[in-house]
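# Structural description and commentary
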Amino acid sequence: MNISNSEQLHKQAQQHIVGGVNSPSRAYKGVGGGTPIYMERGQGAYFWDVDGNKYIDFLAAYGPIITGHAHPHITEAITKAAHNGVLYGTPTALENKFAKMLKDAIPSLEKVRFVNSGTEAVMTTIRVARAYTKRNKIIKFAGCYHGHSDPVLVQAGSGPATLGTPDSAGVPQAIAQDVITVPFNDIDAYKEAISQWGDEVAAVLVEPIVGNFGIVEPKPGFLEQVNELTHGAGALVIYDEVITAFRFTYGSAQQILNIEPDMTAMGKIIGGGLPIGAYGGRKDIMEQVAPLGPAYQAGTMAGNPASMSAGIACLEVLNQEGVYQRMDRLGAKLEQGILAYAREYGLPVTINRLIGALTVYFSEREVENYQDAENTDGEMFAKFFKLILQEGINLAPSKYEAWFLTTEHSEADIDQTLDAVKKAFAAMSQQ
Ligand code: PMP
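Since the structure is predicted, the reported quantities are computational estimates derived from the model, not experimental observations.

We now examine the sheet that holds strand S15 (residues 357–361). Spatially, the three strands line up as an open sheet ordered S14-S15-S17, and their pairing is antiparallel. This sheet does not close on itself; its edge strands, each paired only once, are strand S14 (350–354) and strand S17 (403–404). As defined by bridge partners, S14 adjoins S15 across five bridges and the pair is classed as antiparallel. From the neighbouring strand, Ile 351 faces S15, where its bridge partner is Val 360. Running at roughly 175° to S14, helix H11 (residues 323–344) makes contact with S14, S15 and S17 of the sheet.

Sheet strands pair by backbone hydrogen bonding; their relative direction is either parallel or antiparallel. Strand order in the open sheet formed by four strands is S1-S2-S3-S16, with mixed pairing between adjacent strands. Strands with a single pairing partner mark the edges of an open sheet, and in this sheet they are strand S1 (39–43) and strand S16 (393–394). With three bridges connecting them, strand S2 (residues 46–49) and strand S3 (residues 54–57) associate as antiparallel partners. Bridged to Tyr 46 within S3 is Ile 56.

Here we take up the nonpolar core. In this structure, Phe 98, Leu 102, Phe 114, Phe 246, Ile 270, Leu 318 and Tyr 324 are the most contacted members of the largest nonpolar core, which totals 41 residues. Listed by contribution, the elements that provide at least two residues to this core are helix H2 (72–83), helix H3 (93–105), strand S4 (111–115), helix H10 (305–318) and H11. In terms of residue count, the dominant contributor to this core is H10 (seven residues). Apart from residues lying up to four places away in sequence, Ile 270 is in contact with Phe 98, Leu 102, Phe 246, Ile 276, Gly 277, Ala 278 and Gly 311.

Under the criterion given, the structure shown has 17 aromatic pairs. A centroid spacing of 5.4 Å and a plane angle of 55° characterise the contact between Phe 58 and Trp 403, whose relative ring orientation is tilted. Taken together, the residues Phe 58 in the loop between S3 and H2 and Trp 403 in strand S17 connect sequence positions 345 residues apart. With 6.4 Å between their ring centres and 70° between their planes, Phe 184 and Phe 213 make a pair best called edge-to-face. Placement of Phe 184 in the loop between strand S9 (179–182) and helix H6 (187–197) and of Phe 213 in the loop between strand S10 (201–206) and helix H7 (222–232) is noted, with a sequence separation of 29 residues between them. For the pair formed by Phe 184 and Phe 213, the shared burial category is buried. Among the aromatic residues, those joined into a cluster by ring pairs are Phe 141, Phe 184, Tyr 190, Phe 213, Phe 222, Tyr 370 and Tyr 400. Over the ring of Trp 48 we find Arg 41; its NZ or CZ atom is 4.1 Å from the centre of that ring.

Rules of the game
- Residues numbered from 1 in each chain as written.
- Predicted model: local features only at pLDDT ≥ 70, side-chain atom pairs only at ≥ 80, totals over all residues.
- Heavy atoms only, no water.
- Pairing = 2+ DSSP bridges.
- Helix = DSSP H or I, 4+ residues; strand = E, 2+ residues; numbered from the N terminus.
- Contact = heavy atoms within 4.5 Å.
- Axes fitted to C-alpha atoms, helices over the stretch in contact; angles between N-to-C directions.
- Core = buried A, V, L, I, M, F, W, Y, C linked by side-chain atoms within 4.5 Å.
- Buried < 20%, exposed > 50% of the residue type's maximum accessible area, 1.4 Å probe, protein only.
- Phe/Tyr/Trp six-rings, centres within 6.5 Å; stacked < 30°, edge-to-face > 60°.
- Lys NZ or Arg CZ within 6 Å of the ring centre and 35° of its normal.

Written out as structure tokens, the structure is:
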């Protein structure tokens, strides 16, 4: 495959943009480096790069593009918004309409606020929880990414429940000290954290279905116990549904799991591909936020007409009959096909899938937490990624990410993808 134009652009990019990219994972670090493919055009389930190569896209921009690229309904909504002026700095009726749509789809949202990214949404839920509880510590689960605000760029030290150390230069130790990290799906570790620090904890931050070390579902009863222990300690439960809201159903993971948090952070899909974040939850907690309460949060771009229009249009597409069933059916076909070829070529593959999101781990063991995901074979994944890219299949360049189906993937796309997987596995089995 000729990628000379991508190579050329990447040389230029490195002169102007730090690391040549505007988000680090795009630099292919997770697969041992290489030239990132520069895309020029997306349509439905496909991408075309600057060298004219066509790809079937399962990256979906790390989640938001659930209706495929340039979906006509969303494109029309964005075009209309552009003609009417994209930013006013005043309230608009679109914000009311969209807030109501979110509330109708996710009942735990008594009040919402729009922001511009998942990072902002999560960051603000933490501030609001701290304001409400008048406590400082937060608990999070190892390996869960919650954006790049200071308190969530903290990883576990050693031991089942540990106070954090900064995961990034520039995050003060003083902030990391207020973050406790425990393994996901390990209720004993969670109990230990609550018994040790419970009366100082403002909130626990949970990806109710994990998307950031692959798709990992909670063990039965895990989230129920987390809720009970957290509330017992007088702390709040925050769900980070930046990936999961509208990914598996018209609504959120909390409905699938039949459990409610006190607050929810959202992003990605709800913007229909434009920048967005939102957070919401119990009315008495949300009323901590300015102008009603003492917790400050604002935004020049927050609730802008373009993002609102794209988000509304995206949810309208997702609210049609059979959308998620179709993604589930194609997801199952993809999963079964990959597993069959893995068996045929004697490769160790485990797949975690829910509806149209799946992670292919090179491992014989099941993946239930971050440690399990870390133990899967990254070198094998890197080989697979590069081989399948050559065949025109665009995945996220990391063993920790999911493949995302869209409403636009067809049966034929899945067949073509499985042919590419077969070729890649055949090559890997010879090495
Ligand atoms: N939370 C989760 C669960 C995420 O996956 C992400 C982004 N991958 C974020 C928060 C941050 O969102 P954003 O990149 O829009 O700031």
